[in-house]
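# Notes for the structure review
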Amino acid sequence: MKAVAFDYARPRTVGGAIRLLSEKPDAKILAGGQTLGPMLNLRLAQPSLLVDITRIAELAEVEEAPDSVTLGATITHAAVEDGRVPDPARGLLQLVANGIAYRAVRTRGTIGGSLAHADPSADWLSCFTALEATVVIAGPFGRRYVPIMEFMRGALDTGLEHDELLVAIKVPKLSTRARYGYHKICRKTGEFAEAIGVAVDDPGLGIVRLVAGSTQGRPIVVDGIERLEAAADCIEAKLLAAGLGDDAYELSIHVAAVKRAIAGALAA
Amino acid sequence: MTRISLSVNGRPTSADVAPRTHLADFLREQLLLTGTHLGCEHGICGACTVEIDGEIARSCITYAVACDGARVRTIEGFDDDPMMTRLRQAFTQEHALQCGYCTPGMLIAARDLLRRKGGLGRNEIRIEMSGNLCRCTGYTGIINAIGAVMAETGVRQHAPASKSGWRGPAPGPEAGTCDAAELKGPPHAYQDAPAQTRPLSAASTRRPIKVTVGRLETIEGRTSLTQSFVLPYQRDAVWRILSNPVEVAGCMPGMVLDGPPLDGRATGRMEVRLGPIVASFAGEGTYERFDEDHRQVIEGKGSDRRSGSRASGRVEYQLLSTTLDGAGATEVQTRISYVLTGPLAQFSRSGLVRDLVARIGEMFAEAVDARLSGKHGPSARTTHLSAFRLMLRIITARILARFRSFQKKISH
Amino acid sequence: MVAADQGIGARVLRKEDDRYMRGRGQYVGDIRLPGMREVAFLRSPLAHARIKSVRIPSALRDRVFIADDLAGVAPIRADTALPGFKSSVQPVLASAKVRYVGELVAMCIAPTRAEAEDVAAEIELDLEELPAVHEMLAARAPGSALVHEHWDDNLYLTTEIDVDFASVAAKAAASVTRELRTSRQAMSPLEGRGVVAHWDTRLDQLVVYSSTQQPHIVRTGLAECLGIDEGQVRVIAPDVGGGFGYKGILLPEELALSWATRKLGLPLKWLEDRRECLINGADCREHHYILTAYADSDGRLLALDCEASVDSGAYSAYPFSACLEAGQIGSILPGLYDFPHYRCRTYSVATNKPPILPYRGVARTGVCFALEVTLDALARKLGKEPTELRFASLVRPEQMPFDNITKRHFDSGDYPEALRRASDAIGLERVRERQRTPEPDGRLIGIGFAMYTEQAGHGTSVYASWGIPFVPGHEQCQARFTPDGGLELRIGAHSHGQGLETTLSQVAHSILGVPHERIKLVHGDTAQTPYSTGTWGSRCMIMSGGAVAAACDQLADRVKRIGAKLLQADPEDVRLEGGEVAGPTGRISVGEIARTWYRRPQDLPADVEPGGLEVTAGYKAKRDTGTFSYAAHAAVVAVDPDTGELEILDYVIVEDGGVLVNPMIVDGQIWGGAAQGIGTALYEEMPYDSRGQPLASTLSDYILPGPTEVPDIRILHMETPSPYTRFGQKGLGEGGAIAPPAAITNAVNDALEGSGAELLVSPITPRRIFQAIAEAPGAAR
């Protein structure tokens with residue numbers, strides 16, 4: 001179980017990375033390699049070039065603004081878990097990071113890599129959807145800012161072109177009155193989530209947001225919720241309406257995950 | 001081969017490595033440090049756990065070339081480490097190992113846990129250790145051993161592994177490297193330009209078409225589903241496109257024909273992509289046209305040399321006249337069936353993708369619509385994606401179907 | 001004679017641990033030979049197909065080998081002497097047909113594995129797909145496609161047992177029938193298989209390093225298939241990273257590398273990767289049962305009637321054959337119960353899947369699941385506690401030793417007492433009390449029990465009738481003192497986690513008093529050890545333990561004789577204690593006696609036994625029908641009816657393994673076995689589609705239990721000595737893996753009783769639980 005032969009390049013700048021990607025359409029970006037590595041070893045992915053972006057200093061930077069924190073794409077889950085970056089969501093990011101896979105994966109797996117891979121069962125996708133974060137993308141024509149819901153088109157499908165690089169994620173800050181809950185249902189600790197529930201209630205910002213993640217495509221945002229206290233009862237109907245009714249088990253575990261996230265937020 | 005320099009167990013080391021050589025193979029085959037074991041080579045089992053710049057990592061999915069400039073520590077480098085010495089005693093005392101294969105990775109993960117945390121309960125230790133599989137012990141002795149050492153060390157402050165403050169995967173930009181792989185491209189090749197200057201892609205010029213998707217069924221290993229959509233054109237106009245194999249191929253995701261079809265046969269390939277996965281099924285197809293019914297049957301099969309996988313499929317569609325917003329329109333009813341075998345089929349990942357079946361149909365429908373309206377077809381990239389997805393969707397559906405299949409009981 | 005502190009019964013810490021904890025174990029993958037090349041195999045992507053052509057690019061022709069190249073290599077055959085058995089012929093490399101996904105087609109050789117895989121990817125395999133025989137019940141039906149086209153059906157073997165079954169109907173007051181199924185599993189030791197082969201030109205000998213449990217059996221198999229003398233084959237099993245039955249086989253890969261290394265004059269290595277391990281190593285546990293249990297009005301078991309099928313795969317694997325599981329079901333299904341009527345028909349079914357191997361517990365895990373789950377259904381029908389139903393029919397201690405309805409000879413024990421203790425320890429009454437009020441979190445609580453016996457160390461009398469490629473006879477140990485007073489023990493079995501380097505040292509220490517650090521166990525090398533059928537069937541502590549004791553007894557006798565002479569005492573007047581020969585006039589250490597024998601023979605008496613301080617002794621139990629350790633497992637679970645999630649709240653095992661040589665290692669075997677049993681119960685499953693494609697090829701798809709999936713398990717011991725073994729010990733290495741699927745399923749079915757839902761398929765996944773509830777007669781949703 002060994003990868004096919006590929007070339008390797010290690011640009012020091014975002015521009016250098018984009019140039020390499022432009023030149024080789026089948027190049028793949030290597031960050032922590034925690035998703036790409038297995039696919040390479042299994043020969044499911046057979047790129048001719050890996051562009052290692054972990055030596056680009058800018059990509060691990062943090063930019064804090066009054067109403068947001070922008071996290072560089074190569075910041076690892078472990079850096080978030082350990083509190084080595086500011087948490088705009090007042091602990092939610094840390095909570096989520098702590099539950100991603102295993103420590104030895106979190107030390108190398110990156111936020112940007114997880115988002116760019118767009119696996120529906122990935123934690124950050126659901127979490128950032130609930131927080132209405134914005135993806136920052138650099139390409140040969142400059143930078144663009146894409147709301148996360150538009151960024152992910154479907155399972156393993158994003159709006160990234162082959163010569164573009166996800167450079168950061170901009171996450172709005174929650175207010176001091178915010179409360180949140182996060183719950184995922186997995187067959188085994190650290191493995192792919194079968195269902196994810198996120199609940200964010202921030203009276204300071206006037207938002208109540210519920211997300212059902214690890215569906216078969218994009219996370220489902222449960223809209224029209226005004227009070228978290230009253231939310232649990234209508235979840236099943238909302239997820240049915242969102243198209244989760246095809247499989248009773250799938251529906252039921254997603255309802256349970258969202259309800260548990262709500263309960264978590266209410267208990268906070 | 002790429003030259004790297006790194007420190008392994010405190011010793012400076014330089015070596016030529018193939019970029020595809022993962023760190024574990026480099027340690028085992030080139031440095032003969034065979035204490036690092038390979039259990040799965042896809043990042044699940046934890047047997048290959050080593051430290052890179054003080055943080056634990058999977059050496060099977062970390063490439064040696066990416067460790068240029070890093071400090072790597074393997075089980076052989078912990079011989080005299082006081083914490084590891086204590087852990088070894090506890091592992092023996094609590095019978096925390098049997099065959100010994102998972103043990104080096106288990107010990108390194110356990111020591112890292114003790115470095116980072118203290119005062120944990122048994123369940124918390126279990127969760128922290130969940131990245132390391134042991135097939136022999138049932139974990140009892142392992143949890144006992146770690147608990148025993150943790151009880152002695154007490155509640156610890158989290159000791160940072162690295163003083164550099166680097167927040168990305170180790171070793172980061174400050175590492176001293178051989179830099180053979182360094183790309184010294186001129187930074188001015190890239191400048192921040194205002195957003196939205198990229199030319200609009202074809203995808204964004206398409207108009208959305210609603211596609212209705214029926215249930216998936218798997219019979220005799222063939223998975224089939226139905227789709228239908230309505231195009232706002234007269235049936236004859238649509239049939240001109242959909243009766244022409246070259247046009248159909250043009251609208252089919254990732255399809256490239258070698259040349260014009262002859263006698264109802266064509267050869268070509270279908271390239272499909274899913275994230276980093278690319279498969280190219282080369283093969284041949286036949287088509288059979290029934291003009292009076294406005295119906296066509298296309299069958300094809302091919303194999304992907306890269307993965308050794310094979311696929312065969314059948315698409316049958318029929319055009320029915322209907323109306324849309326009071327105007328004449330055409331409903332395209334499609335029945336698709338697939339078989340996939342080989343490595344690409346051999347996954348039971350159930351994260352697949354109800355809404356995508358509709359999106360695939362949408363892509364095809366939009367491509368046909370674009371042809372009829374004289375616009376560009378969809379970009380190859382997006383269609384590639386959707387086609388592969390369809391395949392994966394089929395795989396998953398088969399698994400789901402299997403879950404439903406047993407549960408039969410006879411009872412008095 | 002027994003030094004209790006460090007000998008038999010002591011919690012001696014393991015001698016083998018240190019090398020493993022420092023990364024100094026030596027597994028097959030760690031072996032480096034000069035000029036060694038690596039091998040990757042091109043394997044069949046289809047379950048059943050005719051091979052039309054294998055196209056090898058001409059530039060690669062010198063490093064790719066296919067069936068036609070392997071002239072003179074005989075295929076693998078593992079026949080049995082059982083009447084009606086149909087023989088399969090397993091080619092080393094597939095020639096005309098492929099019969100399962102993963103079957104070897106071509107051997108590709110390159111300097112590194114990565115390059116060997118590159119070579120394999122260049123080969124074009126043209127296959128004509130045939131209908132796959134993917135499901136054992138369909139495979140049994142008339143008109144099914146045939147795995148072996150010259151057979152007239154897909155049955156390796158059919159067996160039937162009938163003990164006065166016809167008369168039962170009149171007597172039975174109640175009966176239940178259940179259809180149960182267990183899924184195909186991959187044993188998945190953390191280290192896969194692996195082979196290094198080279199030809200030693202000086203000794204004109206093939207040397208094969210293999211990750212095997214049975215080096216001597218592999219040696220015999222290699223010699224037979226390669227057509228060379230057994231003296232020309234040396235098999236070395238170095239450190240082995242877990243076996244569990246997965247490595248009890250003669251591999252086609254071993255044969256392919258052995259042939260090629262001689263042809264090429266280069267050492268070759270093949271290491272099985274995890275994808276190979278899951279796809280062509282999904283080779284066990286797939287059973288199907290239709291089982292009826294009959295009881296009288298008091299709830300006493302009257303009869304069992306069973307039809308059992310085992311999906312046995314495409315070929316009969318060497319040495320255990322395709323029939324070891326199904327063929328045993330008939331005789332082990334009655335479990336530990338005493339009842340008068342019985343009928344059982346079994347089918348060993350050939351399918352287009354990997355050949356099956358016996359996995360820890362062999363057929364017993366499936367049998368225990370079928371029987372114990374059905375018994376609970378019977379208890380529910382009769383309105384009885386499952387424990388009460390069992391108490392009424394368990395073999396009683398005063399009946400021991402007991403020949404059961406299928407003539408299995410239970411050696412000793414108190415089965416009802418084990419169940420009583422399990423019931424008390426888990427708190428049956430408390431659980432029943434708790435169940436009276438709904439849980440605050442909406443979960444459902446259930447309790448379940450399961451019991452089994454584990455036959456171990458069974459020998460000639462059992463295996464002679466099977467007629468498989470080996471029959472175990474006497475087990476041997478070579479024991480000798482070294483000139484400096486150390487003790488070497490050489491055995492033909494292999495230790496790969498069981499701790500034999502420690503426990504056999506304990507046996508020797510008990511007899512000779514030599515300190516552990518001076519005792520060395522040599523195993524895993526046919527050139528250095530006496531013949532043995534290897535490590536299987538929980539036999540080593542009985543058989544190798546007995547052999548070590550026999551050899552040490554002989555050494556003790558010789559040491560005492562020499563010691564007596566040196567002490568100028570009568571041999572009748574000296575004792576061996578604490579590593580010294582003690583006589584009326586003084587003491588002399590065993591080490592000193594050894595030094596005298598080797599280095600100062602002038603001090604020896606003239607009539608000294610010339611065999612010296614080196615003996616080979618053999619051992620067979622007084623009765624070789626095996627020891628029967630047994631256990632009662634009890635589980636309490638909580639089930640979330642909304643999500644199908646299951647939590648094991650408590651798990652108790654009451655185990656009787658006879659005299660425990662090392663209680664620490666015993667608990668480790670039970671914990672480890674139980675963790676695998678929990679994998680069988682809840683997680684592990686290799687799904688197939690109807691073309692025989694396996695649908696899990698990574699550990700994300702095929703879930704092995706991790707630290708959070710295995711609960712804390714409480715073990716209680718009973719120690720009823722076996723009357724037939726040297727120290728009263730019983731084999732118990734497999735038992736932990738037998739009962740968890742049954743105990744946990746019974747607990748789940750207890751929890752779901754109110755809904756009428758019943759789980760009858762393992763593993764019981766959340767989805768299966770959810771669907772069982774949804775489809776139950778009393779379904780609320």
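Residues numbered from 1 in each chain as written. Chains lettered and ligands numbered in written order. Predicted model: local features only at pLDDT ≥ 70, side-chain atom pairs only at ≥ 80, totals over all residues. Heavy atoms only, no water.

### Quick word on the pattern of salt bridges
Residue and element names in this part refer to chain C. Rule in force here: Here, a salt bridge means any side-chain nitrogen of Lys or Arg that lies within 4 Å of a carboxyl oxygen of Asp or Glu. Comment: elements are numbered from the N terminus, with helices defined as DSSP H or I runs of at least four residues and strands as E runs of at least two. Note on classification: 1.4 Å probe, protein chains only; a residue is buried when its accessible area is under 20% of the maximum for its type, exposed when over 50%, partly exposed between these limits.
Scanning the model with the defined rule gives 109 salt bridges over all chains in all. Among the salt bridges present, the one from glutamate 191 reaches lysine 247, with a minimum N-O distance of 2.8 Å. Placement of glutamate 191 in the loop between strand E8 (174–182) and strand E9 (194–200) and of lysine 247 in the loop between strand E11 (233–236) and helix H6 (252–264) is noted, with a sequence separation of 56 residues between them. Exposure class is identical for glutamate 191 and lysine 247. Each is buried.

### Some thoughts on the packing of aromatic side chains
Residues and elements named next belong to chain C. As a reminder, the rule being used: Centres within 6.5 Å are what make two rings of Phe, Tyr or Trp a pair, Trp counting through its six-membered ring; a difference in plane orientation under 30 degrees is then read as stacked, over 60 as edge-to-face, and the rest as tilted.
Going through the model one piece at a time under the given rule, you end up with 21 aromatic pairs over all chains. Taken together, a centroid distance of 5.3 Å and an interplanar angle of 55° make the contact between phenylalanine 470 and tryptophan 536 tilted. Of this pair, phenylalanine 470 sits in the loop between helix H13 (460–463) and strand E19 (475–481) while tryptophan 536 sits in the loop between strand E21 (519–522) and helix H15 (540–566), and the two are 66 residues apart along the sequence. By relative accessible area, tryptophan 536 is classed as buried at 9%. What links up through ring pairs into an aromatic cluster is the set Phe402, Phe410, Tyr415, Phe628 and Tyr630.

### What to know about the domain arrangement of chain A
Residues and elements named next belong to chain A. Put simply, the test is: Domain segmentation is taken from an automatic or database assignment of domains. Contacts are assigned to residue pairs with any non-hydrogen atoms lying within 4.5 Å of each other. Note on terms: buried area is the combined drop in 1.4 Å-probe accessible area of two parts once they are placed together, counting the loss on both. By the criterion applied in these results, polar contacts are pairs of N or O atoms within 3.5 Å in which, for protein atoms, one can donate a hydrogen and the other can accept it, and in which residues neighboring in sequence qualify only through two side-chain atoms.
Domain boundaries in chain A define domain 1 (7–52), domain 2 (58–172) and domain 3 (180–267). Here the C-alpha centroids of domain 2 and domain 3 sit 20 Å apart. If you look at the interface, domain 2 gives 28 residues, while domain 3 gives 22 residues. Carbon and sulfur atoms make up 60% of the area that domain 2 and domain 3 hide from each other, which totals about 1900 Å². Inspection of the region where domain 2 meets domain 3 yields two salt bridges. Salt-bridge contacts for arginine 209 lead to glutamate 132; the nearest nitrogen and oxygen are separated by 3.0 Å. At the boundary of domain 2 with domain 3, the tally comes to twelve residue pairs in polar contact (both at pLDDT 80 or more).

### Some details on the sheet that holds strand E5 (residues 104–110) of chain C
Residue and element names in this part refer to chain C. We apply this condition: Only when DSSP finds a minimum of two bridges between them are two strands counted as paired. A fitted line through C-alpha atoms serves as each axis, taken over the contacting stretch for helices, and the angle formed by two N-to-C directions is quoted from 0 to 180°.
On the basis of which strands lie adjacent, the open sheet formed by seven strands has the order E3-E5-E1-E12-E9-E10-E11 and mixed pairing. Single-partner strands in this sheet number two, and they are strand E3 (64–66) and E11. For this sheet, the mean angle separating the axes of adjacent strands, direction not counted, is 25°. Where E9 lies against strand E10 (residues 205–210), six bridges are found, and the strand directions are antiparallel. Directly across from histidine 198, in E10, lies its bridge partner valine 207.

### Observations regarding the side chain of C:Glu655
All names here are of chain C. Heads up, the rule is: Charge counting follows a simple rule: Lys and Arg are positive, Asp and Glu are negative, and His as well as the terminal groups are ignored.
As for its placement among the helices and strands, glutamate 655 is situated in strand E27 (residues 646–656). Here glutamate 655 is buried and forms no salt bridge, its nearest opposite-charge partner lysine 730 lying at an N-O distance of 8.7 Å. Within polar-contact distance, the side chain of glutamate 655 engages the side chain of tyrosine 452 at 3.4 Å.

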